[in-house]
Each structure stands twice: as structure tokens, then as C-alpha cells.
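Descriptive structure summary
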Amino acid sequence: MNNLTKFKIVKPVNEVFEALIDPVKMSNYWFSSGSGRLEQGKTITWRYDEYDAQLDIKVLEIEVNKKIVFQWGATDEGNVVTITLKEFDHSSTVIEVNEEGFNENDGDLISQLIDNKEGWVYMLTCFKGYLEFGVNRLRAAIVR
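Okay, so let's go over this structure.

So, how was this worked out
Residues numbered from 1 in each chain as written. Predicted model: local features only at pLDDT ≥ 70, side-chain atom pairs only at ≥ 80, totals over all residues. Heavy atoms only, no water. Pairing = 2+ DSSP bridges. Helix = DSSP H or I, 4+ residues; strand = E, 2+ residues; numbered from the N terminus. Contact = heavy atoms within 4.5 Å. Axes fitted to C-alpha atoms, helices over the stretch in contact; angles between N-to-C directions.

Quick notes on the sheet that holds strand β4 (residues 53–63)
Pairing is antiparallel in the open sheet, where seven strands are placed in the order β1-β7-β6-β5-β4-β3-β2. The strands lining the two open edges of the sheet, one partner per strand, are β1 (2–9) and β2 (33–34). Note that strand β6 (residues 79–89) and strand β7 (residues 92–100) share nine bridges and pair antiparallel. Of the residues in β7, the one forming a bridge with T82 is N98. Along the sheet, helix α1 (residues 13–21) makes contact with β1, β4, β5 (67–72), β6 and β7, crossing β6 at roughly 155°.

Quick notes on the pairing of β4
In terms of strand pairing, strand β3 (residues 43–48) meets β4 through six bridges, oriented antiparallel. Bridging across to β4, I44 finds its partner in I57. Judged from the six bridges that link them, β4 and β5 form a sheet pairing that is antiparallel. Bridged to K58 within β5 is Q71. Adjacent in sequence and paired antiparallel, β4 and β5 are bridged by three residues, among which N65 carries a positive phi angle near 65°.

Structure below.
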């Protein structure tokens, strides 16, 4: 089972890609910090200072300006996230985030899918605000 979220970002694909793999830029819209740039084969630690949380991701695939694939979760069988970039025109990019690995037999599946979708829409909203308008104060505002 997977969960797909799509957004249009009014920035060229190379700027969108760079903002996704650079931990300094990422800290303006998503996690507080990252232990390094996303590179295929690396394990990167992302930290959320506001929630006193961190997680490791395994970067499975990088295709410059086209695709980022990583695995995250509590085990080696964690969910796989594929971020695909498609040049919409010379000044816009469609970004698709597809997360796979949800257990279809889990009684909380629907709740997990809704929470997951909410998280990706929130991240992409913050991302759009940062890249298009220079707003970096949206990040880490979700209260549960």
C-alpha cells in the first residue's frame, strides 16, 4: 500500500532538487538539521529539535534533478519514500512524494495513511513557502 502527494513549486527543477538534498536549506522548511547532503548509499540522520526527535534514513537512489529514494522507519523494513521531480515548464516543478510500505493488515492503516498524507502535505506547503516566498517560519508548527 502506498500514499501519493503532489505539489507544483514555481521554481526550476534544479533549485527544487538542491533544496531537498542540502541539509542547510532543508532546515528552513522540514527537519531542524541533517548530518549531511543526501547521497546514494549514505545513511543520514535528520533531527527535529522542536520535538526532541531524530531518525536515520538510508538513501537508496539519487537521480539528479529527477528522483530521490530513501528508507526510513524503526526497522530495516521501514517505509520507502520516492520523491520524483518533473519539470513543468522552465520555471516550475511538479514534486511527487510516494511513500510505500504500509501494512495492509494493520488495524490502524487508515489512520496511518491519513496522518502520513497530512505530514507530506504540511512538509510540501512549508517547502513551497520557503522556495517561492522565502518564508521559513512555517516549519515545526504542527501541534498534536
